[in-house]
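This is what each chain is made of:
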Amino acid sequence: MKTFCGRANPTTGALDWVEESEEYDYHQEIARSCYADMLHDHDRNEKYYQGIRAAVARVKARGEKVIVLDIGTGTGLLSMMALTAGADFCYAVEVFKPMADAAQCIVEKNGFSDKMKIINKHSTEVTVGPDGDMQMRANVLVTELFDTELIGEGALPSYEHAHQNLVQEGCEAVPHRATVYAQLVESELLWSWAQLQPTEAEGARLVPPPAVGRCAGAHSVCDIQLSQVPTHCFTPLGPHCTMFSVDFSKPVSSAPQVHSSQFPAQSSGRAQVVLSWWDIDMDPSGTIVCSMAPSWTYPEPKMAPWRDHWMQSVYFLPAERRVTEGEELSLTVCHDDYSLWYSLQTDSQQDTQTEAPPCRPCCTCQAHLVWTRPRFGELNDRHRTETYVSALRSVLKADSVCLGVSDGSLLPAFAHALGAKKVFSLENSRMSKQVIEQVLEANSMKEGVHLLEIRPDQLTSTDLGGEQISVLMGEPYFTTSLLPWHSLFFWYCRTALATLLQPNATILPSSATLHMVAVEFQDLWRIRAPCGTCEGFDVTPMDEMVQQSLDFRESREAEPHPLWEYPCRALTQPRAVMTFDFTQCVPQQPINAQGVLPFIRSGHCHGVALWMEYQLTDDITFSMGLTQPISEQGVCEWSRHRKQGVYFFTSPWESSGDGRTSASYSFTFEPSSGDIKMEFTVKSP
């Protein structure tokens, strides 16, 4: 049996459905899972163990047998903790079959199979009774059903069902409760991810469409490593507010709820963004706490535990609002069974407010459906806009006929504003075209830029009014691009358009260069590192299962990560690996590059970071990776707008930093597929 999987095709810019073996989905799911990250989260594991010990002891003190229900058992770790703490029996529920199979192996390896039953079902399908999955209801409920938003994985419906059907009244629960916190802030950086802002460069000015400015935006949470947002990038307008708590030891409701917190504004400013996180109390007294708070809330930020499976949330208010220091504010959070959203009321609004809770934000302008949040940030980046517009001005002439090839790009509008004779722009979708139409209309440019919903290989001279293209321009940006080199679709477009170009046509950018640097990650390495033992339990079957799935394909491929969220240190100099000349058509033969990269700093090399730099003109270059030279200590600063590629090594390479050890690399660009294959080996003296 075969399965079809969506995969970005750099040669067509489309998401192709590729036939894979029936094992592909299985291996993909495991390889990209965050189980390793959770197993490496010592703070989480330790707090769970402490809470489980205490819960088991409380039940035993009542003279009862301890029957545990573990929902979302994963590796079976929490159930084994409960049995080690003295539980009499554990029912461990895991809906993902490969994980349930791995848990069975781990449980047997650790000698707990006689006191533990793995149930491969969703918890809402579990039955209780003589012929059921469970012989009796449990008196200890252990779960790990949370995501960055706390309830996004369906924790509330699962708890609701468990209390109604699977556990005893008055049961112990680990965790015992969860509490959600929020802080109202002003942040130009974060707000730039939510709304298109007026921009000006080289005398050309664009304003956002009114519909975009009025739009409440996408309702989905923005989950990030908030610890990597410097405190100087936002201004707190209120305190850390306790928004609501959920007691998991009592019946839980998944019905929509509304909670508010009142406070006087700490300072005057524009209320734009809500930063949010949560913590879980593992015991009723709240002495065992596992917190998701960002590091800058800690007295010693370096002591904050790192985790990638639970991060922090950023919510954008439906509209920014000016507040005055001392003004009474009410921050409201609403939630249904799977998601949260925030709104803000002033004192005067509270007096006139109706009983109806604030509606969930919904995009009405389409821009938030076309542009991702990093894309909004990219379009709002003044330095980037100035760089591109400066390059564009340097190549434009009064008789220039321009064609833009990028998804949802503002470059064609700038080309018109700078005086190009004619401007055309290819859009990959009807919705993207409609958003750009709004931008053009808001800037009285609708007649100046001709939007074409046509594939590059289907474009004809008739579509261009008989004109030949003198300037082909792109950022390049395509919604289907996952890895940095997927933007080479621009090269394939240039090749398809060759007969429509003037002989001396300008291509902007004129070339792209793939760069690499070998790095030591501060924490990201944990998501791919084997665990071995976790809190004294042997979880090697899990390591073996993940490695088998990685070996299936993933270990030979790079994966996309926003490296600004994941600090790393360069152990080598950055290296330009291969250059793609857009002034020429895509070649028929593969492009190969080999070389050696000496390690100049000591450390553990976890892998290689990869990114693209674009040569816009002879003297203007723009990087989608490193934004500053690497510091003497190896500190890297990365673009927030694009994801970089990361090729993880199977195990870390040790570097002494004396240049005697080096990384040997081999890259092959395959024109037929648009993909880049890479191999690395370590060379020691």
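Right above here is the structure, for reference.
These figures come from a predicted structure and were not determined experimentally. Each chain has its residues counted from 1, running along the sequence as written. Confidence filtering applies because this is a predicted model: local features only for residues at pLDDT of at least 70, side-chain atom pairs given and counted only at 80 or more, and all residues used for totals across whole chains, interfaces and linings. Only heavy atoms go into the side-chain values, all of them from the structure, while hydrogens and water stay out.

A. Spatial organisation of the sheet that holds strand β24 (residues 501-508). DSSP bridges decide pairing: two strands pair if at least two such bridges lie between them. Each helix is a run of H or I in the DSSP string that is no shorter than four residues. Each strand is a run of E no shorter than two, and both are numbered from the N terminus. Spatially, the 5 strands line up as an open sheet ordered β22-β21-β20-β23-β24, and their pairing is parallel. Taken across any chain shown, the strands that pair with only one partner, and hence form the sheet edges, are β22 (449-452) and β24. Looking at each pair of strands side by side, their axes are set apart by 25° on average, direction ignored. Each of β23 (469-473) and β24 is contacted by helix α12 (residues 382-395), which is oriented at about 160° to β24, the strand it contacts most. On top of the sheet, helix α15 (residues 489-496) reaches β20 (401-405), β23 and β24; it is set at about 170° to β24, its chief contact. Where helices are involved, their axes are fitted lines through C-alpha atoms of the stretch in contact, as for all axes, and angles between N-to-C directions lie from 0 to 180°. In what follows, a contact means two residues having at least one pair of non-hydrogen atoms within 4.5 Å.

B. Highlighting the packing of aromatic side chains. Aromatic contacts are taken between Phe, Tyr and Trp rings whose centres are within 6.5 Å, Trp giving its six-membered ring; a plane angle under 30 degrees counts as stacked, one over 60 as edge-to-face, and the others as tilted. The tally for this structure, following the rule as stated, stands at 29 aromatic pairs. With 4.2 Å between their ring centres and 10° between their planes, Y159 and F248 make a pair best called stacked. In this pair, Y159 is assigned in helix α6 (residues 155-165) and F248 in the loop between β13 (241-247) and β14 (257-264), connecting sequence segments 89 residues apart. The classification of residues rests on relative accessible area computed with a 1.4 Å probe and restricted to protein chains. Under 20% of the type maximum is buried, over 50% is exposed, and intermediate values are partly exposed. We classify Y159 as buried; its relative accessible area is 1%. Here F248 falls in the buried class, since its relative accessible area comes to 2%. Plain terms: the ring middles of F521 and F648 are 5.8 Å apart, the flat faces sit at 40° to each other, and that makes the pair tilted. With a gap of 127 residues between them, F521 in strand β25 (residues 511-521) and F648 in strand β34 (residues 644-656) connect regions that are remote in the sequence.

C. Spotlight on the nonpolar core. Each nonpolar core is a collection of buried residues, namely Ala, Val, Leu, Ile, Met, Phe, Trp, Tyr and Cys, held together in the definition by side-chain atoms within 4.5 Å. Residues L69, F146, L275, Y342 and W638 are the most contacted members of the largest nonpolar core, which totals 132 residues. Ranked by residues supplied to this core, first place goes to strand β15 (residues 269-281) with 7 residues. Leaving out residues up to four positions away in the same chain, W638 has contacts with V517, L563, W564, C568, A609, W611, G625, L626, T627 and Q644. Judged by nonpolar contacts, the second largest core, of 94 residues, contains F414, V435, V471 and A512.

That is the geometry; function is a separate question.
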